[in-house]
Amino acid sequence: PRVLSQQREMFAALVEMGFDGFRIDAIKHMTERMIDNFAERDFMADKYLFGEVFIGSDREEDIFLDPFLVETWIPAYDFPLFQTIRAAFGFGGSLRRLARPETEGNALPPNRALTFAVNHDIPYNDSFRYLLLDPQDEHLAYAYILGRDGGVPLVFCDRNESTENHPEDRDRWANVVQREDLQSMIQFHNAVHGQPMAILYETDVVLVFRRGNSGIVAINKSGTETSLEFSTWGLNNPGSYQDLIHQQEIEISGNLFTLSVPPRTAQMWLSV
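Given the structure is predicted, the values throughout are model-derived calculations rather than measurements.

Draft legend 1. Inspection of the overall build of the protein chain at higher detail. Counting its regular elements, the protein chain contains seven helices and 13 strands. Each principal axis of the C-alpha distribution contributes one length, and for the protein chain these read about 70 × 40 × 35 Å. For the protein chain, the residues scored as buried account for 50% of the 272 residues in total. Intrachain contacts of the protein chain at a sequence separation of at least 6 include 65% that bridge at least 24 residues. Total accessible area on the protein chain is roughly 13400 Å²; 49% of this is exposed by carbon and sulfur atoms. Averaging the positions of the 23 positive and the 40 negative side-chain charges in the protein chain gives two centres separated by 3 Å.

Draft legend 2. Seen up close, the sheet that holds strand β6 (residues 197-202). Spatial strand order, β6-β7-β8-β13-β10-β11: six strands in an open sheet with antiparallel pairing. Of all the strands in the sheet, the pair left with one neighbour each is β6 and β11 (248-252). Neighbouring strand axes in the sheet, compared pairwise and without regard to direction, differ in orientation by 20 degrees on average. Across five bridges, strand β10 (residues 239-243) lies against β11 in antiparallel orientation.

Draft legend 3. Broad picture of the pairing of strand β12 (residues 256-261). A one-sided burial pattern is seen for β12, the buried positions being F257, L259 and V261 and the unburied ones L256, T258 and S260. When strand β9 (residues 226-231) meets β12, the two strands line up antiparallel, connected through six bridges. Each residue of the ladder has a partner; that of E229, found in β12, is T258.

Draft legend 4. Spotlight on the environment of D134. Here D134 shows up in the loop between α5 (121-124) and α6 (135-147). Overall, D134 belongs to the partly exposed group, its relative accessible area being 38%. Taking C-alpha positions, D134 is 9.2 Å from G90, a pair spaced 44 residues apart along the chain. Beyond its immediate stretch of four places on either side in the chain, D134 contacts R172 and R264. Only 3.2 Å separates the side chain of D134 from the side chain of R264, close enough to count as a polar contact.

Rules used throughout
- Residues numbered from 1 in each chain as written.
- Predicted model: local features only at pLDDT ≥ 70, side-chain atom pairs only at ≥ 80, totals over all residues.
- Heavy atoms only, no water.
- Helix = DSSP H or I, 4+ residues; strand = E, 2+ residues; numbered from the N terminus.
- Buried < 20%, exposed > 50% of the residue type's maximum accessible area, 1.4 Å probe, protein only.
- Contact = heavy atoms within 4.5 Å.
- Areas by Shrake-Rupley, 256 points an atom, 1.4 Å probe, with all protein chains shown as cover.
- Lys, Arg positive; Asp, Glu negative; His and termini not counted.
- Charge placed at Lys NZ, Arg CZ, Asp CG, Glu CD.
- Pairing = 2+ DSSP bridges.
- Axes fitted to C-alpha atoms, helices over the stretch in contact; angles between N-to-C directions.
- Polar contact = N/O pair within 3.5 Å; in protein donor to acceptor, adjacent residues only side chain to side chain.

Rendered as structure tokens:
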């Protein structure tokens, strides 16, 4: 009881200091009683909580993640979606897997998901560094999680903590939230928040979807430029859209529209 009391007092003190969200480490090893001890308190009512339920296999998903989702209301790192992203962007992988992952059991329910392209565990632990995406694939993955509907996206920033052992990491994630491409992606995310997602075009190497009538996301993971055609139904027609990442504009009209997506590129078009 004393430990639980101290835990509650710690959370209350942090809330009083101004913290508005908490990541609960290794929450899969905590009992419901321990979680409820802090999560169900009045002072936590409007705070964002999410848990780290690290899984590396379907068996661990069955043992740890599924019971966590049933027994609590707390969101968690969306490791199923992260593994789907890694597979989709990997050599021989298909972006079709990212079109509807939640309906295929490859992502957490949208209201329970903290989505990410990299988190602190991956670069800082040598045993997890195999999970790192290629830097350009990480850029494309951010366009996906900040462009899609569902989950709360995490943008990972650090202060070069991993460079002592891995000098190649220097400035890869340092203050990344201020990087121009991430700023553009966050602007897109905030502008289309709450609008439904619909797939416009999908192949193994290209994925295009819209967010309501306000936004279009196009991702080409291949090494060649792709020209594609999609229906303009549901978009502003006629309408002007600006790619926030590359500062280009397009004019949409007619029933079909042709879009060119350069190799290894993400575009995020917002209605203007």
